[in-house]
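These are the residues of each chain, in order.
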Amino acid sequence: MAQLLSQACTLAFMGAHAATALAQPTVTHEVTQTTRLSDWLHQTAAQHPALHETPPYPLATGWTSPEETARQAAIQQQLLQALQENLSEPEHNPFFQWLQQQAPSGRMRLAAAEPNWLDANPQRNPVLRPGDRITLASRAQHISVIRGDGLGCRLAHQTKTYPAEHLQNCPSLVEPDAQTVWVIQPDGRTQAFSLAHWNPMPQTLLAPQAILWLGWPSQQIKTSTSPATRAKLNQATAEWLATRTDGLDGWVGQWAITPTPSPTEPTPTDFTGLQGPRFEPQAQASVWGSTGLIQNPSARMRNEGALSVSYVKSQPYSHLNIMLQPFDWFEGGFRYTDVANRLYGPESLSGSQSYKDKSFEVKVRLLNETPYLPALAIGNRDLAGTGHFGSEYLVASKRWGRWDASLGLGWGYMAGNRTMGNTGYGGTINTERFFSGSPAWFGGLEYQSPWGSTFKVEHDSNHYRNEPLNNPQRITSSINVGLSHRLAPGIDLSISRERGTTWTVGLVLHTNLAKLYSDKPSDKPTPAVSVERPSSPPNWAQTGQDIEQLTQWQVKQISQQGPRLTLDLTHSDSPHHLERINKAMAVLHRDAPAHIEHIELRHHAAGDVLAIEPIDRQTWLEPQLQPSRTQEPSPPPKPHYPPAHSTNLAADTLLTQTPTRQIQPGIQFSQSLGGPDAFLLYQIGLTLDYQQPLPLNTQLHASLNAGLINNYDNFKYTAPSNLPRVRTHIREYITTARVTLPRLYLSRASRLSTGWTAAVYGGYLEEMYAGLGAEALYRTPGSPWAFGVDVNQVQQRDFAQNLSLRDYKTATGHASLYWQTPWQDVQVTLQAGRYLAKDWGSTLRVSRSFSNGSTMGAFATKTNVSAAQFGEGSFNKGVFWTIPFDAFMTRSSRNQAQFTWVPLTRDGGAQLIRPAQLMQTTQMLDPRTYTQTPAQKPNENRIPDDRD
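Predicted model only: the values in this text are computed from it and were never measured.

**Concerning the overall build of the chain**
Along its length, the chain carries 16 helices and 42 strands. Rg of the C-alpha trace for the chain: 32 Å, near the compact-globule value of 30 Å for 948 residues, within the 12% margin. Expressed as a percentage of its 948 residues, the buried residues of the chain come to 52%. Nonlocal contacts in the chain, meaning residues at least 24 apart in sequence, comprise 65% of its contacts between residues at least 6 apart. When the accessible surface of the chain is totalled, it reaches about 41500 Å², and 57% of it is carbon and sulfur. Across the chain, the mean location of the 78 positive side-chain charges is 6 Å away from that of the 77 negative side-chain charges.

Written as structure tokens, this is what we have:
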């Protein structure tokens, strides 16, 4: 294969003037007829089999197109204008003057220049057309270093040598405060790498003929230019330089090549992490679950989307921590702390169960680390709990390679002070006690070794004499030492010696919800896409069946009118919508007659067509068979939102399918944490969900649960309540019957106008309530705002969850305002109204969505009941996260896993779990439908050209 590549490239390089071409560094071949790049390479190899010994350089092979040339010309003008505005003296900068004189090359990046690989991957195999060019260069065993004033050097290329090491041979070019270098590989791939000792990151090896761009020198930039603007200018310049087809020979070709020392001996172990390939710092969990040292927090954060679960044993305490990272500057979560030598309550209540404390923690980064300033964060260790372990802190962290130092100031428990401001009912946010009392200094040092272990040492500012529950601990030293080791990706084991007297052991499980990805080997294969169109009549029933299996949508009708084919679809509110469009189009292209040029996907919900996606068949086909001819990202299908009831099912139908019932078995897991009967109560059972379409756009829904394994026989405690028992009878609902009927109801949703949608529902709506309800939602297509109102009259169900009812009745309902903010995919929902216990109040829900459909969020509800009436917890609150099954299962699914944690179940602020949710029903009106895509495969599963 490699020999064939050499043959092909060599032959093309020589063309009609082989003898002179080989002596030139770069040769451009004009394309005169339409052909695939792989065919061009094969044909050239077959015509000139003798030219094997002097192959051109595959990584420098360039394909240029007129379409990309036009795009680059516009980008070049924007770049030159920005440089003109931000360079201090552009007229005296020779490199800027040279950039102005360069014509755009039109170069497109190639995934590979190996013909057999291209044949097997047609989406990466360009179709060359007249007017295109293939540029080939001989291999040059050097790299170039250049900066914005035009100065630079050429260095002899050495294998196993990284960018920072190459730069050591041109020390005068690197500014003292230089933080970043841009690596431009000969294939046009561009990556930015940090040079800073406080921000290490893995570096890539350089291919021969690579370019190291050092950016525009600070003295060349106006003082009014912000660091962010300067970084954008440097990045944009690097990307433009990467389009050059001559390796910048026009500027650096006359420079002498400086020899570089060849590494003749193995490089000794780098204990700083600032040499060789470098490393990526890994955030470590403290005993309390948040990022930090052992007991002490640090100013470090995990990557956004991170989720970690940890269990830490430090006698007499055990901590179960769940921490979320919705933003790279914000960390939050909750924990249970078990106090082994104190009882939960009187023996008559909880037996010998030990005390459990519940708490929330938040940490916010105030400052990013810079060359001279540390990262700075502020945090609260018990924002709305009992206050037993309540602490506030301000902490700074500064890194030097593998070493990371933290220094902070703590209040409350961290300073050895008891903070009992919340111990009446717990859960209140008592701002008066924040940062009160005498603070204490804490600090420590962390070393991330090259062997996967992290060593920690810290000064603990707590003297452990004023422990909660009158539980002082023996201490002989304020110095804690510890070790954390990564057993496998996503699993860390830690051990430490604390207080001079106690061994601590912890296990941390962590992942990143925003990067969850799973191949789909269990799916039916998507049809291969070919340029040929079918000549035989299609089997439309098979077409509809294949689309349903690949997309999990339901095909209602397929119709045809001239060259247009229309698919009417239901249940198409699914994650990763664009991926499903491509699967459906692959089936349609395979089956649709050759004269069909336009496809129209019409998405039905609430008895109407909410969105129409017009797709041109040939426009869709081209990127499936070949790379785009320009690097401009392809725009997603632009939906059309028709006015209400303006479209009807076509008469010239090819396939009509009557909606059928759906039966879906599943596994049910329910749990309760932190009660007096046992810390963890659980039940595992089987579920059977049933859905039957009925006339007039009505649906019948039913679900059946059968418990298999549980320990709810331990669940004997019914919590006291000063309110109507609308939720605290949970024990009775779970333990009374093994087989239950959680839901049995009818629902109907209808679109009233272009903005208004309404739904009515009635029956056994959830495990605890039956009744009637209605919802109206105002939501215009593509708008970030929506407003809804729901009203419900419900009655409490029998504990056995059968068809019987109890005496308690109430009316409940809310007005809801939904806002999809323009800031980092944050959605805010504000609800106000009457709750199940007849209390009045509001609920605020804030969540962050990631591009793969995962979400993280939190909610809080405050009503007109006092903390004394509400009971333990003071008000209702919790955190939640959702994960599409598509992100972690081997089979595609429309469903998602939902997790919600509340500290405990109380009666105040309790909402009805409504079966009809119009925000979900009208999801096709949400513009985010077209921005959610599967996460990227891990780097190790991608070809090098696609890696981060």
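Structure's up, so let's keep going.
**A word on the environment of Val587**
You can see Val587 is positioned in helix 12 (residues 577–591). Linking Val587 and Thr526, residues 61 residues apart in sequence, is a C-alpha distance of 7.6 Å. Every residue in contact with Val587, bar those within four places of it in the chain, is listed here: Pro527, Thr543, Asp546, Ile547 and Leu550.

**Remarks on the packing of helix 4 (residues 66–86) against helix 5 (residues 94–101)**
At their nearest, the axes of helix 4 and helix 5 sit 10 Å apart, and the two run at 155 degrees to each other. With respect to each other, helix 4 and helix 5 are oriented roughly antiparallel. Seen along the crossing, helix 4 lies across helix 5 with a hand that is left-handed. Along its contact with helix 4, which presents Gln76, Leu80, Leu83 and Gln84, the element helix 5 presents Phe96, Leu99 and Gln100. Considered class by class, the residues forming the contact of helix 4 with helix 5 number 4 nonpolar, 3 polar and no charged.

**Describing the side chain of Gln554**
Tracing the sequence through the fold places Gln554 in strand 25 (residues 554–561). Those residues in contact with Gln554, other than ones at most four positions away along the chain, are Glu548, Asp568, Leu569, Thr570, His571 and Gln662.

**Focus on the sheet that holds strand 4 (residues 107–108)**
On the basis of which strands lie adjacent, the open sheet formed by 4 strands has the order 1-6-3-4 and antiparallel pairing. Each of the sheet's edge strands pairs with one partner strand only, and the pair in question is strand 1 (26–30) and strand 4. Direction of pairing for strand 3 (residues 62–64) relative to strand 6 (residues 133–137): antiparallel, over a ladder of 3 bridges. Paired with Trp63 across the two strands is Ile134, which belongs to strand 6.

**What to know about the pattern of salt bridges**
Counted according to the given criterion, the structure contains 36 salt bridges. The partner of Lys524 in a salt bridge is Asp546, with the nearest N and O atoms 2.5 Å apart. With Lys524 in the loop between strand 24 (502–512) and helix 11 (540–551) and Asp546 in helix 11, the pair connects residues that are 22 residues apart, well separated along the chain. Its relative accessible area of 3% is what places Asp546 among the buried residues. Note that Arg731 is salt-bridged to Glu732, the shortest N-O span being 3.0 Å. Each of the two residues, Arg731 as well as Glu732, counts as buried. Connected via shared salt-bridge partners are Arg300, Glu369, Lys398, Arg399 and Asp404.

**Describing the packing of aromatic side chains**
In total, this model carries 24 aromatic pairs according to the counting rule given. Centroid distance Phe885 to Phe888: 5.6 Å. Interplanar angle 75 degrees. Geometry classified as edge-to-face. The class of Phe885 is partly exposed, set by a relative accessible area of 22%. Grouping aromatic residues by their ring pairs yields a cluster made of Phe95, Trp98, Trp213, Trp216 and Trp251. Seen from the ring of Phe279, Arg402 lies directly overhead, with NZ or CZ sitting 4.4 Å from the centre.

**Considering the packing of helix 11 against helix 12**
Contact pair helix 11 / helix 12: the axes reach a minimum separation of 9 Å and the direction vectors enclose 160 degrees. It follows from the interaxial angle that helix 11 and helix 12 lie roughly antiparallel. In this structure, helix 11 meets helix 12 at a crossing whose hand is right-handed. Contacts between helix 11 and helix 12 involve Thr543, Asp546, Ile547, Leu550 and Thr551 on the former and, on the latter, Arg580, Lys583, Ala584, Val587, Leu588, Arg590 and Asp591. The class makeup of the residues in the contact of helix 11 with helix 12 is 5 nonpolar, 2 polar and 5 charged.

**Focus: the sheet that holds strand 25**
The strand order across the open sheet formed by 5 strands is 28-27-26-25-29, and the pairing between neighbours is mixed. Since the sheet does not close on itself, it has two edges, and those belong to strand 28 (608–616) and strand 29 (653–656), each with one partner. On average, each strand axis in the sheet is tilted by 15 degrees relative to the strand beside it, whichever way the strands run. As defined by bridge partners, strand 25 adjoins strand 29 across 3 bridges and the pair is classed as antiparallel.

**Quick notes on the nonpolar core**
The nonpolar side chains of soluble globular proteins are, as a tendency, buried together. In terms of nonpolar packing, the biggest core is built from 31 residues, with Leu565, Leu567, Leu588, Ile599 and Leu601 touching the most fellow members. Listing elements by their share of this core, those giving two or more residues are helix 11, strand 25, strand 26 (564–570), helix 12, strand 27 (598–605), strand 28 and helix 13 (617–625). Of the residues forming this core, the biggest block, 7 residues, is contributed by helix 12. In contact with Leu565, other than residues within four places in its own chain, are Trp540, Ile558, Ser559, Gln560, Leu588, Ala592, Ile596, His598, Ile599, Glu600 and Leu654. Grouped together as the second largest cluster of nonpolar side chains are 26 residues, Tyr761, Tyr818, Ala916 and Leu918 included.

**Describing the state of the cysteines**
Evaluated as defined, the whole model comprises 1 disulfide. Through a disulfide, Cys153 is tied to Cys170; the S-S separation comes to 1.8 Å. With the S-S dihedral at roughly 95 degrees, the linkage between Cys153 and Cys170 falls on the right-handed side. Here the residue Cys153 occupies a position in strand 8 (residues 152–156), and Cys170 occupies one in the loop between helix 7 (163–167) and strand 9 (180–184), the gap between them amounting to 17 residues.

**A look at helix 4**
Taking 1.5 Å per residue, 21 residues should reach 30 Å; helix 4 reaches 30 Å between its end C-alpha atoms and fits that length. The set of residues buried in helix 4 consists of Glu68, Gln72, Gln76, Leu79, Leu80, Leu83 and Asn86. One side of helix 4 carries all its buried residues, which in axial view fall inside an arc of 130 degrees. Away from its buried face, by an angle of more than 90 degrees, helix 4 presents the exposed residues Gln77 and Gln78. On its buried face, helix 4 sits against helix 5, strand 4 and helix 8 (227–241).

Cut-offs applied
Residues numbered from 1 in each chain as written. Predicted model: local features only at pLDDT ≥ 70, side-chain atom pairs only at ≥ 80, totals over all residues. Heavy atoms only, no water. Helix = DSSP H or I, 4+ residues; strand = E, 2+ residues; numbered from the N terminus. Rg over C-alpha atoms; globule rule 2.2 N^0.38 Å. Buried < 20%, exposed > 50% of the residue type's maximum accessible area, 1.4 Å probe, protein only. Contact = heavy atoms within 4.5 Å. Areas by Shrake-Rupley, 256 points an atom, 1.4 Å probe, with all protein chains shown as cover. Lys, Arg positive; Asp, Glu negative; His and termini not counted. Charge placed at Lys NZ, Arg CZ, Asp CG, Glu CD. Axes fitted to C-alpha atoms, helices over the stretch in contact; angles between N-to-C directions. Parallel < 35°, antiparallel > 145°, perpendicular 65-115°, else oblique. Left-handed = near helix turned anticlockwise from the far one by under 90°. Nonpolar A, V, L, I, M, F, W, Y, C, P; charged D, E, K, R; others polar. Pairing = 2+ DSSP bridges. Salt bridge = Lys/Arg side-chain N within 4 Å of Asp/Glu carboxyl O. Phe/Tyr/Trp six-rings, centres within 6.5 Å; stacked < 30°, edge-to-face > 60°. Lys NZ or Arg CZ within 6 Å of the ring centre and 35° of its normal. Core = buried A, V, L, I, M, F, W, Y, C linked by side-chain atoms within 4.5 Å. Disulfide = S-S within 2.5 Å. Expected span 1.5 Å × (residues − 1). Arc of directions from axis to C-beta.

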